[in-house]
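# Fold and geometry: a report
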Amino acid sequence: MNNAMMAKRDLDVIWHPCTQMKDHEFLPMIPIKKGKGVYLEDFEGNSYIDAVSSWWVNIFGHANDYINDAVKKQLDTLEHVILAGFTHEQVIRLSERLVDMTPKGLTRCFYADNGSSAVEVTLKMSYHFHKNQGRERPLFVSLSNSYHGETIGALSVGDVELYKETYEPLLIRSIQTPVPKDQSEAAALEAAEALEICFKTHPDEIAALIVEPLIQAAGSMHMYHPLFLTKARELCSAYGIHLIADEVMAGFGRTGTMFACEQAGITPDYIVLSKGLTGGYLPLSVVLTTDEVYNAFYCDYELNKAFLHSHSYTGNALACAAANATLDIFESENVIVKNQETAKYMASKLDRFKSLSNVKEIRQCGMVAAVELKGYDSSERIGLKVYEYGLKHGVLLRPLGHIVYFMPPYIITKEEIDIMMDTAYAAISQI
Ligand SMILES: *Cc1c(COP(=O)(O)O)cnc(C)c1O
């Protein structure tokens with residue numbers, strides 16, 4: 001089987017995510033045969049550095065020996081069991097560890113199997129929390145330019161027009177308040193003022209504010225200062241509104257700390273985790289919340305008081321085993337400290353992009369670096385050109401429009417960073 005034969009079989013039967021399928025009349029489908037470390041290899045022996053961690057999930061490389069062993073071992077023990085009325089050791093151990101490592105006060109773990117579903121869990125749980133306390137609060141607030149997933153509820157609180165506009169009539173009620181416009185403290189304070197006005201304008205209507213702490217990834221890798229989160233926490237507490245921290249992308253070291261909320265010194269009412277949670281192995285997500293929220297649902301059996309939400313694969317044992325192995329690696333290999341070195345090296349390489357005439361801005365937060373291009377309109381599909389150049393030169397870059405970004409697995413070496421960023425540099429300088 002060569003690439004072309006695999007691609008033909010694929011295109012005969014598969015409708016791919018987030019893709020105009022007709023593009024594949026000119027854009028080759030890349031069938032991947034195997035992965036190892038930061039490399040993916042196709043059916044003709046070409047290899048590609050996975051500069052996007054396969055959509056931001058793969059944090060310790062492909063076919064990681066340690067996670068492989070843990071999943072194999074679990075496979076011979078218990079692959080899955082219903083999580084209602086039953087439990088298993090992997091999910092218990094994982095939950096104990098998550099409660100331990102997330103900001104203080106988050107004490108209860110509710111599982112789902114992808115980021116969007118976990119966002120849905122927080123929206124329903126927050127609405128239901130207020131209802132159980134005799135308050136009707138059907139409105140959610142989110143930040144401009146935010147992204148929280150693709151299911152209807154998650155899409156409703158998002159603000160990326162490209163994904164949302166078509167489905168407008170189907171969405172639940174949400175309003176947006178401005179995200180801080182850059183990474184400065186002044187911008188954080190300005191946005192906090194707007195947030196307070198928003199809260200004041202809708203008294204007793206808002207269930208929760210949902211934010212992506214520090215980085216709006218799908219929203220063009222937009223970044224802001226932690227001070228905004230500190231202020232948002234204060235305002236939410238003052239107005240009795242829940243704060244939901246969607247760390248689906250940011251969690252597990254991506255922003256430089258284990259969780260982005262740590263940089264603001266806050267505990268949200270809900271933290272949403274997925275992507276890096278299983279090291280990119282298996283779909284799993286979790287919402288951690290407080291005793292206060294948990295206790296609002298805890299009572300003698302009464303209709304409509306309990307949280308009757310579930311997914312078939314909730315708390316899947318294989319996924320939990322992959323997650324525990326991932327957390328083992330964080331513990332045994334001092335990952336957060338090592339990442340600081342790696343991030344510093346990426347910063348040193350990022351600097352020279354500034355000198356290119358078609359670069360508008362560079363930005364970085366921990367293990368995410370981005371180069372924003374200027375002088376193109378969207379019909380030029382500039383990102384696609386960078387993508388094609390990258391593939392030809394052995395790097396999987398997947399720009400978001402005119403934003404070229406780097407979000408590699410943490411195990412990437414300096415030599416591999418050189419290849420990844422020099423390739424992007426070459427691509428940008430010759431378009
Ligand atoms: C990816 C992402 C989601 C959605 O997760 P899925 O697993 O793709 O459904 C939600 N929020 C943020 C911040 C994300 O980056």
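Scroll up for the structure.
Residues numbered from 1 in each chain as written. Predicted model: local features only at pLDDT ≥ 70, side-chain atom pairs only at ≥ 80, totals over all residues. Heavy atoms only, no water.

The next point concerns the overall build of the chain. When helices and strands are counted, the chain shows 14 helices and 16 strands. In terms of overall dimensions, the chain is globule-like: its C-alpha atoms have a radius of gyration of 22 Å, near the 22 Å expected for 431 residues. Seen through its principal axes, the chain has C-alpha atoms that stretch 60 × 55 × 45 Å. A burial count over the chain gives 54% of its 431 residues as buried. Taking all contacts inside the chain whose residues are at least 6 apart in sequence as the whole, residues at least 24 apart take part in 70%. (Helix = DSSP H or I, 4+ residues; strand = E, 2+ residues; numbered from the N terminus. Rg over C-alpha atoms; globule rule 2.2 N^0.38 Å. Buried < 20%, exposed > 50% of the residue type's maximum accessible area, 1.4 Å probe, protein only. Contact = heavy atoms within 4.5 Å.)

Before going further, it helps to spend a moment on the site of the ligand. Lining the immediate surroundings of the ligand are W56, N114, G115, S116, Y147, H148, G149, E212, D246, V248, M249 and K275. Here N114 contributes a side-chain N or O atom positioned 3.4 Å from an oxygen atom of the ligand. Within the backbone of G115, one N or O atom sits 2.8 Å away from an oxygen atom of the ligand. About the coverage of the ligand: the protein hides 83% of its 380 Å² of free accessible area. Counted by class, the shell around the ligand contains four nonpolar, five polar and three charged residues. (Near = heavy atom within 4 Å. Polar contact = N/O pair within 3.5 Å; in protein donor to acceptor, adjacent residues only side chain to side chain. Areas by Shrake-Rupley, 256 points an atom, 1.4 Å probe, with all protein chains shown as cover. Nonpolar A, V, L, I, M, F, W, Y, C, P; charged D, E, K, R; others polar.)

Where helix α11 (residues 317-333) contacts helix α12 (residues 335-350), the two axes come as close as 6 Å, and the packing angle between them is 75°. In terms of orientation, α11 and α12 fall into the roughly perpendicular class. Of α12, the residues touching α11 (which contributes I329, F330 and E333) are V335, I336 and K338. Here the contact of α11 with α12 is built from residues that sort into four nonpolar, no polar and two charged. (Axes fitted to C-alpha atoms, helices over the stretch in contact; angles between N-to-C directions. Parallel < 35°, antiparallel > 145°, perpendicular 65-115°, else oblique.)

What follows covers the packing of helix α3 (residues 65-75) against α11. One can describe the packing of α3 onto α11 by two numbers: an axis separation of 9 Å at closest approach and a directional angle of 145°. Read as a crossing pair, α3 and α11 show a hand that is right-handed. Along the contact surface, α3 presents Y66, I67, A70, V71, Q74 and L75, while α11 presents A317, L318, A321, A322, A325, T326, D328 and I329. Here the contact of α3 with α11 is built from residues that sort into 11 nonpolar, two polar and one charged. (Left-handed = near helix turned anticlockwise from the far one by under 90°.)

The strands that make up a sheet pair up through hydrogen bonds in the backbone, lying either parallel or antiparallel. Ordered by their spatial adjacency, seven strands build an open sheet running β4-β12-β11-β10-β7-β5-β6, and the pairing between neighbours is mixed. Every other strand in the sheet has two partners, leaving β4 (108-112) and β6 (174-177) as the edge strands with one partner each. Averaged over all adjacent pairs, the angle separating strand axes in this sheet is 20°, with direction ignored. Of the pairings in the sheet, the one linking strand β7 (residues 206-211) to strand β10 (residues 242-246) comprises four bridges and is parallel in character. Bridge assignment links V211 to a residue of β10, and that residue is A245. Its contacts with the sheet put helix α5 (residues 115-132) on β4, β5 (139-143), β7, β10, β11 (270-273) and β12 (285-289), and the angle it makes with β11 is roughly 165°. (Pairing = 2+ DSSP bridges.)

Scanning the model with the defined rule gives 22 salt bridges in all. Residue E341 is joined to K344 by a salt bridge in which the shortest nitrogen-to-oxygen separation is 3.9 Å. Highlighted residues: E341 and K344, both in helix α12, separated by three residues, approximately one helical turn. When the shortest N-O distance is used, the salt bridge between E372 and K360 registers 3.6 Å. In this pair, E372 is assigned in strand β14 (residues 368-373) and K360 in strand β13 (residues 359-365), connecting sequence segments 12 residues apart. (Salt bridge = Lys/Arg side-chain N within 4 Å of Asp/Glu carboxyl O.)

Taking burial as the measure, the 11 residues of helix α13 (residues 382-392) include eight buried ones, the bulk of the element. Looking only at α13, the buried set comprises I382, G383, L384, V386, Y387, Y389, G390 and L391. In the stretch just after α13, G394 is the one whose phi turns positive, near 80°.

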